[in-house]
Amino acid sequence: MIKQTDMIPMLDLKKEFLEIEAEVIGKVTEILKSTRYVLGPHVEQFEKEFSQFLSSSNTNNFYSMGVASGTGALFLSLAALSIKKDDEVITTPFTFFATVESILYMGAKPVFVDIDDKTLNIDVNKIEEKITKKTRAILPVHLFGLPCDMDRVMDIANSHNLYVIEDCAQSTGALINGRRTGTFGDTGCFSFYPSKNLGCYGDGGAVVTKSDTIYERILSLRNHGSRGNYIHTEVGFNSRLDEIQAGVLLIKLARLDEKNRMRRENANLYNSLLKDVVKCPAEPDGYTHSYHQYTIRSPHRDKIKETLSNEGISSVVYYPIPMHLQEALKGQGLKRGVLPVSEQAASEVLSLPVYPEMPQVSIRKVADVIRSCL
Ligand SMILES: *Cc1c(COP(=O)(O)O)cnc(C)c1O
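Keep in mind that this is a model prediction, so the values were computed, not measured.

1. With respect to the packing of helix α8 (residues 256-274) against helix α11 (residues 360-372)
Where α8 meets α11, the axes come as close as 10 Å, and the angle between the chain directions of the two elements is 30°. The orientation of α8 relative to α11 falls into the category roughly parallel. Taken as a pair, α8 and α11 cross one another with a handedness that is right-handed. Contact with α8, carried on its side by Asn 266, Leu 269, Tyr 270, Leu 273 and Leu 274, involves Gln 360, Ile 363, Arg 364, Val 366, Ala 367, Ile 370 and Arg 371 of α11 and no other residues of that element. Class assignment for the residues of the contact of α8 with α11 results in eight nonpolar, two polar and two charged.

Below is the structure:
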């Protein structure tokens, strides 16, 4: 039996909470006493500070909108761009299901482009061959926190007159040449699910845009197609951020860059200990990975996972089944073999614990166990 204290979890949210406990309890108590619980001054303050967080010297003036989840951010973006039945949206098959689900909610068709073998993100060289008369948008995912090649995505989108919706659920704080993910496309979609780099204590999300039109439309769509005056200009959704989550997010946003820096330090240590035995995550020049996940690749993945587990070390396969092979998408008629790079990745990837508060000794322990079984 391994002692509880010797186990290594994927994440230690309790450690993080204890660092900010007094501040959080104070803020939550203040909000509970205010009796304003859904949308309100903390949501507005968070939206302002999140826009500032995303700004850099050459890109600023963003609108941020707090919404109920990352999934909400995605479907509200698609709805605000009037993506509808029979439209096609180009995306990656190697992602969390919500990316694709949001396209299907609109009655639109996800069109999958295989991933790049090195970055595990959408292969920008294969996008153009999938563009048809029905294509309306590209929805890239910055998987595990590594930004996609947004210069190429934006060039392709501009030359074919397509919208771009960035799925930044895993990349909050990640950068390309000093510019944050979420600031390249028509909208950037963020998730504040507790396990994300910027997580609250429940569900939460945000949409970011530079467009006045998209901003106005999502303010209404997130609140039943109304600006809160019982005048409904269209059918919308209920997808609002609440005050308690916004209060928590304000406290955590101030620490996000430091927490991401700690993740990066952990990742660098793993790289130095593991690079000769497994494939370590790529980080091209100019890119700043947020290491939402530290994901290795090995043909011996299952053996590594089992050995880690026997030593009380958690690891997770993100993601075991690419989207085109999911039962929920069988109506699309896509068979094994059509997106070979994604299928191969799904059989080799393994995400290791990389959370900011993880002690260096634990990282060395994980690396030792992996090395011992190869
Ligand atoms: C977490 C996640 C989402 C969904 O976010 P929720 O806040 O859980 O709705 C969407 N896309 C990706 C890539 C994610 O990791």
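Okay, back to it.
2. Considering the packing of aromatic side chains
Under the criterion given, the structure shown has 16 aromatic pairs. Ring geometry for Phe 75 versus Phe 237: centroids 4.8 Å apart, planes at 45°, classification tilted. Taken together, the residues span a long stretch of sequence, with Phe 75 in helix α3 (residues 70-80) and Phe 237 in the loop between α6 (212-221) and α7 (243-253) at a distance of 162 residues. Since its relative accessible area comes to 12%, Phe 75 is described here as buried.

3. Remarks on unusual backbone geometry
For the bond from Tyr 318 to Tyr 319, the omega torsion is 5°, close enough to zero to count as cis. Within the secondary structure layout, Tyr 319 lies in the loop between α9 (301-310) and α10 (340-348). Positive phi is not limited to glycine here, since Ser 82 has a value of about 55°. Classification of Ser 82 by relative accessible area gives partly exposed; the value is 35%. Of note in the backbone geometry, Asn 161 takes a positive phi value of approximately 60° without being a glycine. Taking relative accessible area as the criterion, Asn 161 reaches 72% and is therefore assigned exposed.

4. A closer look at the site of the ligand
Taken together, 13 residues surround the ligand, and among them Gly 70, Thr 71, Gln 170, Ser 191 and Lys 196 come closest. One of the side-chain N or O atoms of Gln 170 is found 2.8 Å from an oxygen atom in the ligand. At a separation of 3.1 Å, an oxygen atom of the ligand approaches a polar side-chain atom of Lys 196. Here the ligand has 380 Å² of accessible area as a free molecule, and 92% of this is covered by the chains. Those elements that provide at least two residues to the shell around the ligand are α3 and α4 (97-105). Class assignment of the residues belonging to the shell around the ligand gives a composition of four nonpolar, seven polar and two charged.

5. Observations regarding helix α2 (residues 41-54)
The first and last C-alpha atoms of α2 sit 20 Å apart over 14 residues, in line with the 20 Å expected at 1.5 Å per residue. Of the residues making up α2, those classed as buried are His 42, Val 43, Phe 46, Glu 47, Phe 50, Ser 51, Phe 53 and Leu 54.

6. With respect to the pattern of salt bridges
Applying the stated rule across the entire model yields 22 salt bridges. With a shortest N-O distance of 3.8 Å, Asp 86 and Lys 85 are connected by a salt bridge. For Asp 86, a relative accessible area of 47% corresponds to the partly exposed category. With a shortest N-O distance of 3.1 Å, Arg 180 and Asp 257 are connected by a salt bridge. In this pair, Arg 180 sits in strand β7 (residues 179-180) while Asp 257 sits in helix α8, placing the two residues 77 residues apart along the sequence. Judged by relative accessible area, Arg 180 falls into the buried class, the value being 11%. Connected via shared salt-bridge partners are Asp 117, Lys 279, Arg 297 and Glu 348.

7. Some details on the side chain of His 324
Tracing the backbone through its elements, the reader meets His 324 in the loop between α9 and α10. For His 324, the side chain forms a polar contact with the side chain of Glu 343, separated by 2.8 Å. When sequence neighbours within four positions are dropped, the list of residues in contact with His 324 reads Pro 93, Phe 112, Leu 334, Lys 335, Val 338, Leu 339 and Glu 343.

8. Some remarks on the sheet that holds strand β1 (residues 63-67)
Paired through their backbone hydrogen bonds, the strands of a sheet run either parallel or antiparallel. If you walk across this open sheet you meet the seven strands as β1-β9-β8-β5-β4-β2-β3, and the pairing is mixed. Because the sheet does not close on itself, it has two edges, and the strands there are β1 and β3 (109-112). When strand polarity is set aside, the average angle formed by the axes of neighbouring strands in this sheet is 25°. As paired elements, β1 and strand β9 (residues 205-209) share five bridges and run antiparallel to each other. Bridge pairing in β9 links Ser 64 to Val 208. Against the sheet, helix α5 (residues 150-160) touches β4 (135-139) and β5 (163-167), its axis set at about 155° to β5.

Rules and cut-offs
- For every chain, the first residue of its written sequence is number 1, and the numbers climb from 1 along that sequence.
- Local features in a predicted model are, by the rule used here, given only for residues with pLDDT of at least 70; side-chain atom pairs are given and counted only at 80 or more, and totals for whole chains, interfaces and linings are based on all residues.
- Excluding hydrogens and water, the side-chain figures rest on all heavy atoms present in the structure.
- Each axis is a line fitted through C-alpha atoms, taken for helices only over the stretch in contact, and angles between the N-to-C directions span 0 to 180 degrees.
- Numbered from the N terminus, helices here are DSSP runs of H or I no shorter than four residues, and strands are runs of E no shorter than two.
- In what follows, roughly perpendicular refers to angles from 65 to 115 degrees, roughly parallel to angles under 35, roughly antiparallel to angles over 145, and oblique to any angle outside these ranges.
- Crossing chirality is assigned from the near helix's rotation relative to the far helix, an anticlockwise turn below a right angle marking it left-handed and a clockwise turn marking it right-handed.
- Contacts: residue pairs with any heavy atoms within 4.5 Å of one another.
- Think of it as three bins: nonpolar holds Ala, Val, Leu, Ile, Met, Phe, Trp, Tyr, Cys and Pro, charged holds Asp, Glu, Lys and Arg, and polar takes everything else, Gly as well.
- Pairing of aromatic side chains here covers Phe, Tyr and the six-membered ring of Trp, requires ring centres within 6.5 Å, and sorts the geometry by plane angle: under 30 degrees stacked, over 60 edge-to-face, intermediate tilted.
- Buried, partly exposed and exposed residues are distinguished by accessible area as a fraction of the type maximum, computed with a 1.4 Å probe on protein chains only: under 20%, between the cut-offs, and over 50%, respectively.
- Each residue is tested against the molecule or strand, and it is near if at least one of its non-hydrogen atoms lies within 4 Å.
- Distance and chemistry together define a polar contact, namely a pair of N or O atoms within 3.5 Å, with one atom able to donate a hydrogen and the other to accept it when in protein, and with adjacent residues in sequence counting only for side-chain atoms on both sides.
- To be clear on the numbers: accessible area is Shrake-Rupley with a 1.4 Å probe, and residue cover counts the displayed protein chains and nothing else.
- One fewer than the residue count of a helix, multiplied by 1.5 Å, yields its expected span.
- Throughout this description, the term salt bridge denotes a Lys or Arg side-chain nitrogen within 4 Å of a carboxyl oxygen of Asp or Glu.
- The pairing criterion is simple: DSSP has to find at least two bridges between the two strands.

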